[in-house]
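Take a look at the letters that make up each chain.
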Amino acid sequence: MDMVALVTAASFANVMLPSQHYATKGIKRGNAFVNFNIGEGPRLGVKKHACYGGLKVKANAQNYNADDDDDKFSRVIRTSIRNKFTIRVYEVDASGKASIETLMNYYQSSILDHFKKVGVHDDVSGSTKEMIKKNLIWVYSDMQVATYRFPKWEDEVEVESWICAAGINGVRFNWILRDFKTNQVLNIASSVCVAMNKLTRRLSKIPEEVRREFESHLVNSSVIIKDDNKKIPKLDETTADYICSSLRPRWSDLDVHFHVNNANYVSWILESIPESILMNFELSSMSLKFKRECGIDSKLQSLAAICRDEDINNNVECNHMLRFEDGVEILRGRTNWRPKSANSVAIFDRVPAQASINAS
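Keep in mind that what you see is a predicted model, and the values were worked out from it rather than measured.

**Quick word on the overall build of the chain**
Next, step 1: The helix and strand tally for the chain stands at five helices and 13 strands.
Next, step 2: Looking at the 360 residues of the chain, the share that counts as buried comes to 55%.

This is the structure we're talking about:
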């Protein structure tokens, strides 16, 4: 099972997409996208839609158990690495705040810098010397993101990163994004990654020679975002509320391994979110499960279903699937959205005290 490549020094390109053009399709589930009543927040109705016009275009992660006798990684506590970023004008979206793709770019950059600073690699792909010899690269298996607040233009932020073991054939990358001036936690993310042979495009066990290169740099810490064990369903034309078709990667969307990076996948799944949600809600959490990679010749579809149309807190939950036009799936995901005026401190109740790793 192939998956999207993770570690590469090439920056994710922000996908520039044309305006959405929706045409009514199938079941009608509401008379309008958004209905407002005085004194109330936005209320969503749902229509079945398809998106046309070219280029429209979790982690249910394996929790690491420190007592797992099958885990062959050493568990030596080391320090985490911190990187500072300033939000640039080209990194914000229509709200004037950093886009989720920008934050994922920061995480990618931080983990590469982390590997380089601890002496694990000095290669544009992020592979170790032994991985390069064996034609191995890191790929995402799944990823979870939770957001309290998106930083805005010119804000200074700091990303703290560290790496844990995830079973016998995976590593977990962890990130905490903070306001540099106040040290307030803004965003947390975690991803399980595995090795893939870049020639056969198949997953591979981690060779012992590769383990020895980085095992002493792994941190023994709790999972910062735990799996909610909630299945992400497979979507199709009968279960999706919105479908964006004719998605095509551009040359600038490719990394050094000639396939699309994960930030572009996120751009594509969000492209099938109706404008009513994008205008009135902001992303509060996201769970992704990567199934396959895609390249420059791929033709894709992005499907979305609103599985919870406003709960008691006026939040909205959506399921997603990105697939090839022949129906073979590439990614499944779930996004949660809160009204833009909401404060969501509660989502960080799960951040363990040891999430910030200090040198031993």
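Read on for the rest.
**Topic: the nonpolar core**
Next, step 1: Judged by nonpolar contacts, the single largest core of 62 residues is most densely connected at Ile100, Met143, Trp175, Leu322 and Trp337.
Next, step 2: In this structure, Ala146, Ile176, Val219 and Ile225 belong to the second largest nonpolar core, which totals eight residues.

**Regarding the side chain of Asn187**
Next, step 1: For Asn187, the position within the fold is in strand E7 (residues 185–197).
Next, step 2: Looking at Asn187, its side chain comes within polar contact range of the side chain of Tyr107, at 2.2 Å.
Next, step 3: Polar contacts involving the side chain of Asn187 include one to the side chain of Thr147, which spans 2.5 Å.

**With respect to helix H1 (residues 100–117)**
Next, step 1: With 18 residues, H1 should cover 26 Å at 1.5 Å per step; its first-to-last C-alpha distance of 26 Å lies within 8% of that length.
Next, step 2: Of all the 18 residues making up H1, 14 are buried; the element is thus mostly covered by neighbouring parts of the structure.
Next, step 3: Two residues or fewer past H1, Gly119 is found with a positive phi of approximately 85 degrees.

**Digging into the pairing of strand E10 (residues 281–290)**
Next, step 1: With nine of its ten residues buried, E10 lies for the most part within the structure.
Next, step 2: Here E10 runs beside strand E13 (residues 329–339); their pairing, made up of nine bridges, is antiparallel. In the sheet register, Glu282 faces E13, and the bridge partner there is Arg338.

**Observations concerning the packing of H1 against helix H4 (residues 262–271)**
Next, step 1: The geometry of H1 relative to H4 is characterised by a closest axis approach of 9 Å and an angle of 165 degrees between their N-to-C directions. Relative to H4, the element H1 is oriented roughly antiparallel. Relative to H4, H1 is oriented so that their crossing is right-handed. Mapping the contact onto sequence places Ile100, Glu101, Met104, Asn105 and Gln108 in H1 and Asn262, Ala263, Val266, Ser267 and Leu270 in H4.

**Points about the state of the cysteines**
Next, step 1: Taken as a whole and judged by the stated rule, the model has zero disulfides.
Next, step 2: Residue Cys318 stays outside any disulfide, its sulfur separated by 6.5 Å from that of Cys307, the closest cysteine.

**Comments concerning the pattern of salt bridges**
Next, step 1: Tallied over the entire structure, the rule returns 15 salt bridges.
Next, step 2: Across the pair Glu329 and Arg332 runs a salt bridge, and its minimum N-O distance is 2.7 Å.
Next, step 3: Overall, Glu329 belongs to the buried group, its relative accessible area being 12%.
Next, step 4: What you see here is one network of salt bridges that share partners, running through Arg82, Glu158, Glu160 and Arg178.

Rules of the game
- Residues numbered from 1 in each chain as written.
- Predicted model: local features only at pLDDT ≥ 70, side-chain atom pairs only at ≥ 80, totals over all residues.
- Heavy atoms only, no water.
- Helix = DSSP H or I, 4+ residues; strand = E, 2+ residues; numbered from the N terminus.
- Buried < 20%, exposed > 50% of the residue type's maximum accessible area, 1.4 Å probe, protein only.
- Core = buried A, V, L, I, M, F, W, Y, C linked by side-chain atoms within 4.5 Å.
- Polar contact = N/O pair within 3.5 Å; in protein donor to acceptor, adjacent residues only side chain to side chain.
- Expected span 1.5 Å × (residues − 1).
- Pairing = 2+ DSSP bridges.
- Axes fitted to C-alpha atoms, helices over the stretch in contact; angles between N-to-C directions.
- Parallel < 35°, antiparallel > 145°, perpendicular 65-115°, else oblique.
- Left-handed = near helix turned anticlockwise from the far one by under 90°.
- Contact = heavy atoms within 4.5 Å.
- Disulfide = S-S within 2.5 Å.
- Salt bridge = Lys/Arg side-chain N within 4 Å of Asp/Glu carboxyl O.

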